[in-house]
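# Coordinates in review
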Amino acid sequence: MNFQPEVFCGVCIGSASISLLLTMLQLLPKKGQSPRKMPKASSSSTILLLISICDILGGLGMIFRSSVWLGFPGFIANISVVNGTDVWPSAFCVGSAMWIQLLYSAGFWWLFCYAVDSYLVVRRSAGLSTIVLYHMMTWGLAVMLCVEGIALLYYPSLSSCENGLEHAIPHYITTYAPLLLVLVANPILFRRTVSAVASLLKGRQGIYTENERRLGTEIQMRFFKIMLVFVICWSSNIINETLLFYLEMQPDINEMPLKNIRSAALITWIIMGVLNPMQGFLFTLAFYGWTGWRVDLKWRKREIPWESMSSSTAGENAYPSPVNYQSNIHDSKKISTTDSQQTDEAIGMLSEGNTSSDERLTRSSPIYQGW
């Protein structure tokens, strides 16, 4: 199909490098942010951090693999040598593929756990203790599917990819199962979470004011932006694999009627090289918004961007804000019921990172007036 690996690797290096730099810029502390007490992180904020870490490490894997392909063409040429004595090229091929697939697959599972956790938080069935279960499920399933997919693709030679759909299909299933799970299950869980949030906001005070409506909209928009980034970054992979599968079923892929399909497959390959690594940066925009350019490299004990401003203690309110809003609440006034506290904390965990609306809602929401 005249696939040009040099062009593809160059695109991957450029896109992954830009995404890596911008992601780190997003997560680093910024100048002008006043030091704040570092609260105990919620499970949702921890999951968001882990998703970013998976994207960063996956991007590093793409940069490493592409750099070796471009910098050591003689080494790469030995990968396709049949019955070669040098096992390192094949080990590099398999190892780099597993590195990238494992990290991005783990990111998919973490994204699914985020949707599950968001729903359970609103239903008051989740907490920091569940993060251990999420770790077991995410890394266990990611490792199992990755090893199984690679083994089926390389068995029995172990030194080169096997030809034939009987090897390719199981590999694609294990690779794309978590991706398709996120595409199908996450919108359903997000929708149910938004509905549950609306019920909580209505039942908290018996009224549904404009401020409560805005908060519900902000949470809904956050979920929408997460799914939008995911679809943009990975839809090209599904299209590409569909085209390749169709070509694989043809007796001769070089026939003229298939020219447009071959061209589409090559184009989607390049699009994959651009969009897949950019997921890390785009997700930070969906999670936290743009955090600015002014990085503060001086060490001080401060809250990092992914930490929730919602506290786990009863005396602190749950709406996150980039400013210290405690001055807006009288210290001598307490929350009347534990149920109200839990409701506020649950909603605060979901809305953390929405800095523009949180400050407005904190000052004006009826649940804070009169306390």
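Calculation criteria
Residues numbered from 1 in each chain as written. Predicted model: local features only at pLDDT ≥ 70, side-chain atom pairs only at ≥ 80, totals over all residues. Heavy atoms only, no water. UniProt positions renumbered as here; feature names shortened; annotations may be inferred. Helix = DSSP H or I, 4+ residues; strand = E, 2+ residues; numbered from the N terminus. Buried < 20%, exposed > 50% of the residue type's maximum accessible area, 1.4 Å probe, protein only. Contact = heavy atoms within 4.5 Å. Areas by Shrake-Rupley, 256 points an atom, 1.4 Å probe, with all protein chains shown as cover. Axes fitted to C-alpha atoms, helices over the stretch in contact; angles between N-to-C directions. Parallel < 35°, antiparallel > 145°, perpendicular 65-115°, else oblique. Left-handed = near helix turned anticlockwise from the far one by under 90°. 1 Å grid on protein atoms, 1.4 Å probe; cavity = no way out; pocket = protein on both sides within 12 Å on 5 of 7 lines; lining within 4 Å. Points joined across faces, edges and corners; volume = space filled by probe spheres on them. Nonpolar A, V, L, I, M, F, W, Y, C, P; charged D, E, K, R; others polar. Core = buried A, V, L, I, M, F, W, Y, C linked by side-chain atoms within 4.5 Å. Patch = residues over 30% accessible without salt bridge, like charges linked within 9 Å, V, L, I, M, F, W, Y side chains within 5 Å. Salt bridge = Lys/Arg side-chain N within 4 Å of Asp/Glu carboxyl O. Expected span 1.5 Å × (residues − 1). pLDDT = per-residue confidence, 0-100. Polar contact = N/O pair within 3.5 Å; in protein donor to acceptor, adjacent residues only side chain to side chain.

The protein chain goes by G-protein coupled receptor 143 in an unreviewed UniProt entry, where it is assigned to Serinus canaria. Under the Sequence similarities (unreviewed entry) heading, UniProt states for the protein chain: "Belongs to the G-protein coupled receptor OA family." Check the Subunit (unreviewed entry) section of the UniProt entry for the protein chain; it says "Interacts with heterotrimeric G(i) proteins. Interacts with ARRB1 and ARRB2. Interacts with MLANA."

### Regarding the overall build of the protein chain
What the protein chain contains, in helices and strands, is 10 helices and 0 strands. What you see in the protein chain, going N to C, is helices and strands ordered as α-α-α-α-α-α-α-α-α-α. Relative to its 371 residues, the protein chain shows a buried fraction of 47%. A fraction of 82% describes how many contacts in the protein chain between residues 6 or more apart in sequence connect residues 24 or more apart. A total of about 18300 Å² of accessible surface is found on the protein chain, and carbon and sulfur atoms cover 65% of it.

### Things to note about the packing of helix α2 (residues 43-71) against helix α4 (residues 88-122)
At their nearest, the axes of α2 and α4 sit 9 Å apart, and the two run at 165° to each other. One finds that α2 runs roughly antiparallel with respect to α4. With respect to the hand of their crossing, α2 and α4 are arranged in left-handed fashion.

### So, the UniProt feature "transmembrane region" (unreviewed entry) in the protein chain
Summarizing the sequence annotation, UniProt attributes the feature "transmembrane region" (unreviewed entry) to residues 6-25, 46-64, 98-120, 132-157, 169-190, 223-246 and 266-290 in the numbering used throughout. Across residues 98-120, helical content stands at 100% and strand content at 0%; the span's end C-alpha atoms are separated by 32 Å.

### A few points about the side chain of S52
With respect to the element layout, S52 can be found in helix α2. You can call S52 buried: its relative accessible area is 1%. Discounting residues that sit within four places of it in the chain, S52 has contacts with L27, T284 and F287.

### So, empty space enclosed by the protein
Within this structure, the stated rule accounts for 2 cavities of 30 Å³ or more. Lining the largest cavity we find A16, S19, L20, T23, D55, I56, G59, P277 and G280. Counting residues per element, the ones that place at least two in the lining of the largest cavity are α1 (5-27), α2 and α8 (259-288). Of the residues forming the lining of the largest cavity, the biggest block, 4 residues, is contributed by α1. Its residues assigned to classes, the lining of the largest cavity comprises 4 nonpolar, 4 polar and 1 charged.

### Let's talk about the nonpolar core
By size, the foremost hydrophobic cluster in this structure holds 59 residues, and its most contacted members are I47, W110, F230 and F283. When residues of this core are traced back to their parent elements, those giving at least two are α1, α2, α4, α5 (130-154), α6 (165-205), α7 (210-248) and α8. Of all the elements, α4 adds the most residues to this core, at 13 residues.

### Considering a nonpolar patch on the surface
Taken together, the side chains of I53, L57, L60, F64 and W99 make up a nonpolar region of the molecular surface, amounting to roughly 400 Å² of accessible area. Broken down by element, the residue count for the nonpolar patch peaks at 4 residues, all from α2. For L57, the location among the structural elements is in helix α2.

### Focus: the environment of S236
The residue S236 is located in helix α7 in this model. Linking S236 and W269, residues 33 residues apart in sequence, is a C-alpha distance of 7.8 Å.

### Considerations on α8
Counted at 1.5 Å a residue, the expected span for α8 with its 30 residues is 44 Å, and the 43 Å between its end C-alpha atoms agrees. Of the residues trailing α8, G289 is marked for its positive phi of about 75°.

### Looking at the environment of L21
In this fold, L21 is placed in helix α1. Along the chain, L21 and F281 lie 260 residues apart, while their C-alpha atoms are 8.5 Å from each other.

### What to know about the packing of α2 against α5
Orientation of α2 relative to α5, taken along the N-to-C sense of each, is 30°, at an axis distance of 10 Å. Here α2 is positioned roughly parallel relative to α5, judged by the angle of their axes. In this structure, α2 meets α5 at a crossing whose hand is right-handed. Taken together, the residues of α5 that come into contact with α2 (itself represented by S43, T46, I47, L50 and C54) are T130, I131, Y134, H135 and W139. Looking at the contact of α2 with α5 residue by residue, the classes come out as 6 nonpolar, 4 polar and no charged.

### Quick look at the confidence of the model for the protein chain
Note that predicted coordinates carrying low pLDDT should not be read in detail. For the protein chain, per-residue confidence averages 77 on the pLDDT scale, and residues scoring 70 or more make up 70% of the total. Mean pLDDT across the elements of the protein chain ranges from a minimum in helix α10 (residues 355-364), with 45, to a maximum in α1, with 94. Of the regions scoring below 50 in pLDDT, residues 35-39 engages in 16 contacts with residues more than four places distant in sequence or in other chains. Low pLDDT (under 50) marks residues 301-337, which in the prediction has 92 contacts with non-local residues, meaning those over four places away or in another chain.

### Here we look at the side chain of S118
With respect to the helices and strands, S118 occurs in helix α4. A polar atom in the side chain of S118 sits 2.8 Å from the backbone oxygen of Y114.

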